[in-house]
Amino acid sequence: MTAGVTVTSEDLFVPDPAGGPCDPLDDLLITLLIDRTRRARDHHAARCEAGLPARKLAWEYAMMKRYTARLGAHGADIARAVLALAHSESELPPAE
């Protein structure tokens, strides 16, 4: 902080107009998560149309193992969040 400048708690959450160094990566991750969610939902719908269970738990378990192996315990949390997004019925933004 600069001497003589008062920083309020609200200032901590104001985005930097120049953007942060991770902003492009965050945008890419969001785009990829939207794409992955659409693909997973389409796959689930196709399985249902074929008379199969919407989800194949072995695939989801393998995904959890991959994320955990690469990212540790936080990877498991991320995998759970990705699967929850795919299983939810929340609206997704339009494809870019």
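Scroll up a little and you will see the structure.
Rules behind the numbers
- Think of each chain on its own: its residues are numbered from 1, step by step along the sequence as written.
- Selection of residues for local features in this predicted model requires a pLDDT of at least 70, selection of side-chain atom pairs for listing and counting requires 80 or more, and totals for whole chains, interfaces and linings are taken over all residues.
- The basis for every side-chain value is the complete set of heavy atoms in the structure, and neither hydrogens nor water enter the calculation.
- Numbering of helices and strands starts at the N terminus; helices are DSSP runs of H or I of at least 4 residues and strands are runs of E of at least 2.
- Each residue is assigned to one of three classes by its accessible area relative to the maximum for its type, calculated with a 1.4 Å probe on protein chains only: buried under 20%, partly exposed between the two thresholds, exposed over 50%.
- Working rule for contacts: check all heavy atoms of both residues, and any pair within 4.5 Å makes them a contact.
- For the area figures, the Shrake-Rupley method with a 1.4 Å probe applies, and any residue is considered shielded solely by the protein chains shown.
- Residues scored as positive are Lys and Arg, those scored as negative are Asp and Glu, and His as well as the terminal groups of each chain are ignored.
- Salt bridge, as used here: a side-chain nitrogen of Lys or Arg that lies within 4 Å of a carboxyl oxygen of Asp or Glu.
- Pairing of N or O atoms within 3.5 Å defines a polar contact, subject to two protein rules: one partner must be a possible hydrogen donor and the other a possible acceptor, and residues neighboring in sequence count only if both atoms are side-chain atoms.
- Patches were defined on residues exceeding 30% relative accessible area and lacking a salt bridge, with like-charge contacts within 9 Å and nonpolar side-chain contacts (Val, Leu, Ile, Met, Phe, Trp, Tyr) within 5 Å.
- Taken as the charge location is NZ of Lys, CZ of Arg, CG of Asp or CD of Glu.
- Between the first and last residue of a helix there are one fewer steps than residues, each counted as 1.5 Å, and that sum is the expected span.
- To be clear, the arc concerns the directions from the helix axis to the C-beta atoms.

Asks: For this particular structure, what's the right way to read the overall build of the protein?
Replies: Each helix and strand in the protein was counted, giving three helices and zero strands. If you list the helices and strands of the protein from N to C, you get α-α-α. The buried share of the protein, reckoned over its 96 residues, is 16%. The contacts in the protein between residues at least 6 apart in sequence include a share of 50% that link residues at least 24 apart. A total accessible area of about 7,800 Å² is found for the protein, and carbon and sulfur atoms account for 62% of it.

Asks: I tried to follow the side chain of Arg47 on my own but got confused; where do I start?
Replies: Checked against the element boundaries, Arg47 lands in helix α1 (residues 23-49). Glu60 is the oppositely charged side chain nearest to the buried, salt-bridge-free Arg47, at an N-O distance of 8.6 Å. A distance of 2.7 Å separates a polar atom in the side chain of Arg47 from the backbone oxygen of Pro53. Excluding its chain neighbours within four sequence positions, the residues that come into contact with Arg47 are Leu52, Pro53, Ala54, Arg55, Lys56 and Trp59.

Asks: Help me out: how do you make sense of a negative patch on the surface in this one?
Replies: A grouping of Asp16, Asp23, Asp26 and Asp27 is seen on the molecular surface, where their side chains present a negatively charged patch. For Asp23, the position within the fold is in helix α1. A relative accessible area of 36% means that Asp23 is categorised as partly exposed.

Asks: Would you take a moment to explain helix α2 (residues 57-71) for this structure?
Replies: Within an α-helix, residues lying three or four positions from one another point in the same direction, as the helix has 3.6 residues per turn. With 15 residues, α2 extends 21 Å from end C-alpha to end C-alpha; this agrees with the ideal 21 Å at 1.5 Å per step. Along α2, the positions that sit buried rather than exposed are Glu60, Met63 and Met64. Looking straight down α2, one finds its buried side chains confined to an arc of 100°; they lie on one side. Exposed residues on α2 whose side chains face more than 90 degrees from its buried face are Tyr61, Arg66, Ala69 and Arg70. Where α2 is buried, its residues contact α1 and α3 (73-87). Taken from the residues just after α2, Gly72 is the one with a positive phi, measuring 75°.

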